[in-house]
Amino acid sequence: MSAYQRWVASDVVIRSSGCLFCSPLTPYTALASSLAPFSISLCCSFCRMVTAKVWVLKKHFEGFPKPSDFEMKQVALANLKDGELLLESVFLSVDPYMRPYSKRDMKEGDVMIGTQVARIVESKNPAFAVGTFVVANRGWRTHFISDGKDLNLLPASWPESLPKSLALGTVGMPGLTAYVGLFEICKMKPGETVLVNAAAGAVGSVVGQLAKIGGCKVVGCAGSDSKVAYLKNIGFDEAFNYKTVASLDEALRKASPDGYDCFFDNVGGEFASIAINHMKKFGRIAVCGAISQYNDSVPQKGPYIQIPMIFNELSMKGFIVSSWHNHREEGVKALLKWVLEGKLKYHEQVTERFENMPAAFIGMLKGENLGKAVVKV
Ligand SMILES: NC(=O)C1=CN([C@@H]2O[C@H](COP(=O)(O)OP(=O)(O)OC[C@H]3O[C@@H](n4cnc5c(N)ncnc54)[C@H](OP(=O)(O)O)[C@@H]3O)[C@@H](O)[C@H]2O)C=CC1
Ligand SMILES: CCCCCCCCC/C=C/C=O
């Protein structure tokens, strides 16, 4: 008897809705895992098919996403074939890229894009043991089947004491974005001054701390006084609330009268247009994100950047972290080491329950998160 079949035998809760796979009259059963507190899988008590919950994009976002743009559905998963695995999501990530990528890559009715930390609950693939945790890129789903080729194992050195959700944040894609943007795009050097916006978020909070580890002065801004206090707490030299300062221009000058060598731009729009005038000669700008523009129905028009680019001989480079996958192993190793040494602090905004995925996503876009926004299923 497999571990999964043993869980089936330990059914605890009978659900009233019918099985999507064999019959609308057969009840579902919730399976409680004896191995970890995470596991609750919906399974038909007759045919033993697992039903996944998924969130789909019901309607393309117009302006700011709203709850009615999403719909939760149930999908019956087939029995595993040889070589396949059944996984359940334990933590799901909500990220800003989902907003622009939904417009570019998705059609209405598609499952929302996204990554998760998932646990293998059944395996017909000898290379993957039941109970193993992986990072997957399978969208907003509670359960899914994989042949193992699209999964990334958590590093073997991951200690039990460290939340596995960090593999979606500080020691995952956002942390790597900070790492690549600072070291490869900005080519930050000790003694320089680094500016970062959306600084209290998943990427920005790592940018500031890596810049300090690298021997730089760091200036950050965020959208609330409590976020500014957090930035000071994790070592930023200067921090300000961009929503309440009388003048962004003045705030940037006051924080670094000599200007900035590196600007890690997560926000774009008006802030970036003002900050570019504060760059030092030969300054470097990493164009990481433009969250202030993602919800615009009409593109913003801004001041043109050529004059400060020419006079200060600036470099400005956009990048997508997934194109830098050859730096993934080295980056994850370094980030994990700094976290374990206590040099890289983290904070997570954890929303409970899969049903709250849209609320967590919308909240993150509104700035309700401190650190990385994740959902605990
Ligand atoms: N190029 C790449 O490969 C990658 C790019 N990114 C980009 O990095 C940026 C940060 O992502 P991430 O760290 O995951 O998200 P965050 O954790 O920083 O969350 C988003 C934050 O953006 C801020 N924000 C929202 N709207 C605005 C606005 N109009 N003006 C200024 N700030 C705003 C909010 O903070 P506040 O309260 O401070 O306003 C909010 O908390 C995004 O632009 C994202 O698209 C992320 C990953 C990879
Ligand atoms: C295996 C993880 C795939 C996730 C892709 C993330 C790409 C992020 C690019 C972000 C752009 C702007 O936010």
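Look above for the structure.
Right, let's walk through the structure included here. Because the structure is a prediction, the values reported are computed rather than measured.

Describing the overall build of the chain
Move 1: The number of helices and strands found in the chain is 10 helices and 18 strands.
Move 2: Among the 377 residues that make up the chain, the fraction classed as buried is 51%.
Move 3: Within the chain, contacts between residues separated by at least 24 positions form 64% of all contacts whose residues are at least 6 apart in sequence.
Move 4: Accessible area for the chain stands at about 17,400 Å²; split by element, carbon and sulfur atoms hold 55% of it.

Concerning the site of ligand 2
Move 1: Around ligand 2, the neighbouring residues are Y97, Y101, T115, N137, Y294 and I320.
Move 2: Surface burial for ligand 2 is 73%, taken as the share of its 420 Å² of free accessible area covered by protein chains.
Move 3: When the residues that make up the shell around ligand 2 are grouped by side-chain class, the tally is four nonpolar, two polar and no charged.

Some points on the site of ligand 1
Move 1: Taken together, 27 residues surround ligand 1, and among them K227, Y242, Y294, V321 and N369 come closest.
Move 2: At a separation of 2.8 Å, an oxygen atom of ligand 1 approaches a polar backbone atom of N266.
Move 3: Here an oxygen atom of ligand 1 sits 2.6 Å away from a polar atom, N or O, in the side chain of Y294.
Move 4: When the free accessible area of ligand 1 is taken as 910 Å², the share hidden by the protein chains comes to 90%.
Move 5: At the level of secondary structure, the elements contributing two or more residues to the shell around ligand 1 comprise α3 (173-185), α4 (202-213) and α10 (357-366).
Move 6: Residue classes in the shell around ligand 1 are distributed as 17 nonpolar, nine polar and one charged.

Some words on the sheet that holds strand β16 (residues 315-318)
Move 1: Within the open sheet, the six strands sit side by side as β13-β12-β11-β14-β15-β16. Their pairing is parallel. Among the strands making up the open sheet, the edge pair consists of β13 (238-241) and β16. For this sheet the average axis-to-axis angle between neighbouring strands, irrespective of direction, equals 15°.
Move 2: Two strands pair when backbone bridges link them, and strand β11 (residues 193-196) and strand β12 (residues 217-222) are joined in this way by four bridges, in the parallel orientation. When the bridges of β12 are listed, V196 appears paired with G220.
Move 3: This element, helix α6 (residues 248-255), spans β11, β12, β13 and β14 (260-265) of the sheet and lies at about 165° to β13.

Digging into the packing of α3 against α4
Move 1: Across the interface, α3 lies against α4 with an axial gap of 8 Å and an inter-helix angle of 45°. By the angle between their axes, α3 is oblique relative to α4. By crossing handedness, the relation of α3 to α4 is classed as right-handed. Facing α3, whose interface residues are P174, G175, T177, A178, Y179, L182 and F183, α4 presents A202, V203, V206, V207, L210 and A211.

Observations regarding the packing of aromatic side chains
Move 1: This structure, assessed with the given rule, holds nine aromatic pairs.
Move 2: With centroids separated by 5.4 Å and ring planes inclined at 50°, the aromatic side chains of F61 and F70 adopt a geometry described as tilted.
Move 3: By relative accessible area, which is 9% here, F61 ends up buried.
Move 4: Taking 5.1 Å as the distance between ring centres and 65° as the angle between the ring planes, the aromatic pair formed by Y179 and F183 counts as edge-to-face. Of this pair, Y179 and F183 both sit in helix α3, four residues apart, roughly one helical turn.
Move 5: Among the residues examined, F183 registers a relative accessible area of 29% and is labelled partly exposed.
Move 6: An aromatic cluster is built from F61, F70, W140 and F361, whose rings are joined through pairwise contacts.
Move 7: Note that R104 overlies the ring of Y101, its terminal NZ or CZ placed 4.7 Å from the centroid.
Move 8: Above the face of the F282 ring, K281 is positioned so that its terminal group lies 5.9 Å from the ring centre.

What to know about the pattern of salt bridges
Move 1: Evaluated as defined, the whole model comprises 20 salt bridges.
Move 2: Between E313 and K281 there is a salt bridge, with the nearest N and O atoms lying 3.2 Å from each other. Here E313, found in the loop between α8 (306-311) and β16, pairs with K281, found in strand β15 (residues 279-287); they are 32 residues apart in sequence, far enough to count as distant.
Move 3: On the basis of relative accessible area, K281 is assigned to the partly exposed category, the value being 43%.
Move 4: Through salt bridges that share partners, K53, R353 and E355 make up one connected network.

Overview of the side chain of H143
Move 1: Position of H143 among the secondary structure elements: in strand β9 (residues 143-146).
Move 2: When its relative accessible area of 4% is taken as the criterion, H143 is described as buried.
Move 3: Separated by 2.9 Å, the side chains of H143 and T142 make a polar contact.

Procedures and definitions
- Residues numbered from 1 in each chain as written.
- Chains lettered and ligands numbered in written order.
- Predicted model: local features only at pLDDT ≥ 70, side-chain atom pairs only at ≥ 80, totals over all residues.
- Heavy atoms only, no water.
- Helix = DSSP H or I, 4+ residues; strand = E, 2+ residues; numbered from the N terminus.
- Buried < 20%, exposed > 50% of the residue type's maximum accessible area, 1.4 Å probe, protein only.
- Contact = heavy atoms within 4.5 Å.
- Areas by Shrake-Rupley, 256 points an atom, 1.4 Å probe, with all protein chains shown as cover.
- Near = heavy atom within 4 Å.
- Nonpolar A, V, L, I, M, F, W, Y, C, P; charged D, E, K, R; others polar.
- Polar contact = N/O pair within 3.5 Å; in protein donor to acceptor, adjacent residues only side chain to side chain.
- Pairing = 2+ DSSP bridges.
- Axes fitted to C-alpha atoms, helices over the stretch in contact; angles between N-to-C directions.
- Parallel < 35°, antiparallel > 145°, perpendicular 65-115°, else oblique.
- Left-handed = near helix turned anticlockwise from the far one by under 90°.
- Phe/Tyr/Trp six-rings, centres within 6.5 Å; stacked < 30°, edge-to-face > 60°.
- Lys NZ or Arg CZ within 6 Å of the ring centre and 35° of its normal.
- Salt bridge = Lys/Arg side-chain N within 4 Å of Asp/Glu carboxyl O.

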